[in-house]
Amino acid sequence: MPQTLPHGSWPSPLSASDIAGSSPRFDGARLVGSEIWWGASVPEEGGRGTVRRRFEGGEVAEILPAPWSARSAVHEYGGGAWAPRGDGGLVFVEKGDQRVYSLTPGEEPQPLTPGGLGQRFGGLTVTGGALLAVRETQDARGTTHDAVRIPLDGSASDDPTALQVVASGTDFVAQPALSPDGREIAWIGWNHPHMPWERSELRRAPLGRPDEASVVAGGASAPVQPTWEPDGALLYSDDETGRWNLRRVRGGMVTEVAPADADTGGALWVLGSRWFAPLGGGRIAALRTNGRDELDVIEADGTSRGIPLPVSSHLLIEDAAGSRVLLTGAGSAVSSGLWLVDVETGAAEAVVGGAAPLPDAWLPTPRAVTYPGPHGPVHAFVYPPTAPGIVAPAGERAPYVVTVHGGPTSHVAGGLSGSIAYLTSRGIGVLDVNYGGSSGYGRAYRERLDGQWGIVDVDDVLAAVAGLVAEGDADAARIAIAGGSAGGWTVLAALAGSDVFAAGISRYGVADARALAADTHDFESRYLDGLIGPLPEAEAVYLERSPLSHTDRFAAPVLLLQGADDAVVPPAQ
């Protein structure tokens, strides 16, 4: 007989320490001959960034030993903090001083870039014997960005002039890619006040002569991920039609590659992000997102086929060769991991991670929902309370936590996480909302938030809650809301602007938009121009939208959490 217990009191085998210890962050992975290399944080070592390798026989060894930590701070979000050197060695960005180092296993790392110049590096790639990196420089002039070629012989470790600038001319650069013949470079560039998912350009130039760059695509759209094919054709993805779809440039002609009503691309928060990869023979492995993510193989003739996978949330392609594809992501029944997929057989192997935090009987089945809202449909995922052998008292509706992602140009895709299972196994449901402004549903859905941050996001969250309650399973009197960064802003704005929520948690959330515009880092320093309006013209709007202006309206208890070293949402918030 099942045991009857009130929602929220169900005994769960999952502890908070279980969650904290089982949530490494991945930073890239590569196929290196018969080996697989990957970067990940080590929770039990304070989040140190390490690089590990799995040999053909399955043995795992650490390449980057403690106390070294691979972590880029470019744009504060980093990415691409390491890369295989091509000869069995490793190059990486050391978290402590942000210099690039070269490591031969068994030897002490040697610096490749100079120190003490206010420079940070990220997005490392080694192609054709050339080490490319995005460089961020902070000095008396402000913050500048370019891409450089770093000599692998260490000659630039004490000579800044040995760093060759290969991409420049815009406020920001990302994803430098060297052509197969080593003569050309392509990259993504964009300028304030735009973010790279709003307006960017795909540029190409002779190597070392960025002043001769030509614009291949973009300007009014947001191209991403220039990638060269072996024959010298240039692949990229662009959302000029409203969805990120693949394009190919060959002989000066641009052609579409298997267009679909889905996104092969996303918000360029992290320098190492990739959404597609050539497989050889004209074939391409491509992620396609429409709420959930899927992996497709696009054949040389333009036809495509989906590869059924156990993962469908926050997928990124890390590397590919032949029929093998390395990707990271989570699924509805498996947590985040690194997966090796054979696109011919469909076999998917969890290289690391990918295990469920609890037996299947404890895991909630996420349900994709769409509720009507005042600004259009609102997409979300519902995770019901789930525990084997336990039921709630007859007639008792479940309490729910509404989770609000950050960005705000991010998205959720129905993936399992330990933090969600922690709640659902205790009899508490979760409603994960992709409010207007979220990626994963095309440009029009993202642009719903333009000029409306603090209005559309709040209205959409409230509409999703109303839709959930109308279905009859959620207790309208016991709904809490939680979110971080931009999600924390929405939490605070929803608490100040409604009486829907019984409690709230804001993790490093924005409380004062005007102060954020003055205090935040360079990457997002003009983000609010598009989300709220340009300053000083829109200062009154900033004040009206900011939750800090309406503390008298807060009636529910709220927990505020903040990191002391946060450069994105400073502690003053």
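Reading the values: rules and limits
Residues numbered from 1 in each chain as written. Predicted model: local features only at pLDDT ≥ 70, side-chain atom pairs only at ≥ 80, totals over all residues. Heavy atoms only, no water. Helix = DSSP H or I, 4+ residues; strand = E, 2+ residues; numbered from the N terminus. Buried < 20%, exposed > 50% of the residue type's maximum accessible area, 1.4 Å probe, protein only. Core = buried A, V, L, I, M, F, W, Y, C linked by side-chain atoms within 4.5 Å. Contact = heavy atoms within 4.5 Å. Polar contact = N/O pair within 3.5 Å; in protein donor to acceptor, adjacent residues only side chain to side chain. Salt bridge = Lys/Arg side-chain N within 4 Å of Asp/Glu carboxyl O.

A look at the environment of Gly-128
Right, on to step 1. Structurally, Gly-128 can be placed in the loop between strand S10 (119-127) and strand S11 (130-139).
Right, on to step 2. Looking at Gly-128, the relative accessible area reads 81%, which means it is exposed.
Right, on to step 3. When the C-alpha atoms of Gly-128 and Ser-332 are compared, they prove to be 39 Å apart, with 204 residues separating the residues in sequence.

Focus on the nonpolar core
Right, on to step 1. One finds Val-402, Leu-431, Val-433, Trp-453, Ile-481 and Phe-501 to be the most contacted residues of the largest nonpolar core, which totals 90 residues.
Right, on to step 2. In terms of residue count, helix H4 (residues 456-470) provides more of this core than any other element does, seven residues in total.
Right, on to step 3. Leave out the neighbours within four places in its chain, and Leu-431 touches Ala-380, Phe-381, Val-382, Tyr-400, Val-401, Val-402, Thr-403, Ala-464, Val-465 and Leu-468.
Right, on to step 4. Ranked by size, the runner-up nonpolar core spans 17 residues in total, among them Leu-287, Val-297, Ile-307 and Val-325.

Focus on the side chain of Arg-204
Right, on to step 1. Relative to the elements of secondary structure, Arg-204 occurs in strand S16 (residues 201-206).
Right, on to step 2. Looking at Arg-204, its side chain comes within polar contact range of the side chain of Glu-184, at 2.8 Å.
Right, on to step 3. Residues in contact with Arg-204, not counting those within four places in the same chain, are Glu-184, Ile-185, Ala-186, Trp-187, Glu-212, Ala-213, Ser-214, Val-216, Trp-228, Leu-234 and Val-249.

Let's talk about the pattern of salt bridges
Oppositely charged side chains may form a pair once their charged atoms are brought near each other.
Right, on to step 1. Throughout the structure, instances matching the rule amount to 31 salt bridges.
Right, on to step 2. The closest approach of N and O atoms between Asp-139 and Arg-141, which form a salt bridge, is 3.0 Å.
Right, on to step 3. You can call Asp-139 partly exposed: its relative accessible area is 33%.
Right, on to step 4. Judged by its relative accessible area of 68%, Arg-141 is exposed.
Right, on to step 5. Here Arg-305 ties to Glu-344 by a salt bridge, and the two come within 3.9 Å at their closest N and O atoms. Pair noted here: Arg-305 is in strand S25 (residues 304-307) and Glu-344 is in the loop between strand S28 (337-342) and strand S29 (348-353), with a separation of 39 residues, a long-range link.
Right, on to step 6. What emerges from the salt-bridge pattern is a single network uniting Asp-239, Arg-443, Arg-446 and Glu-447.

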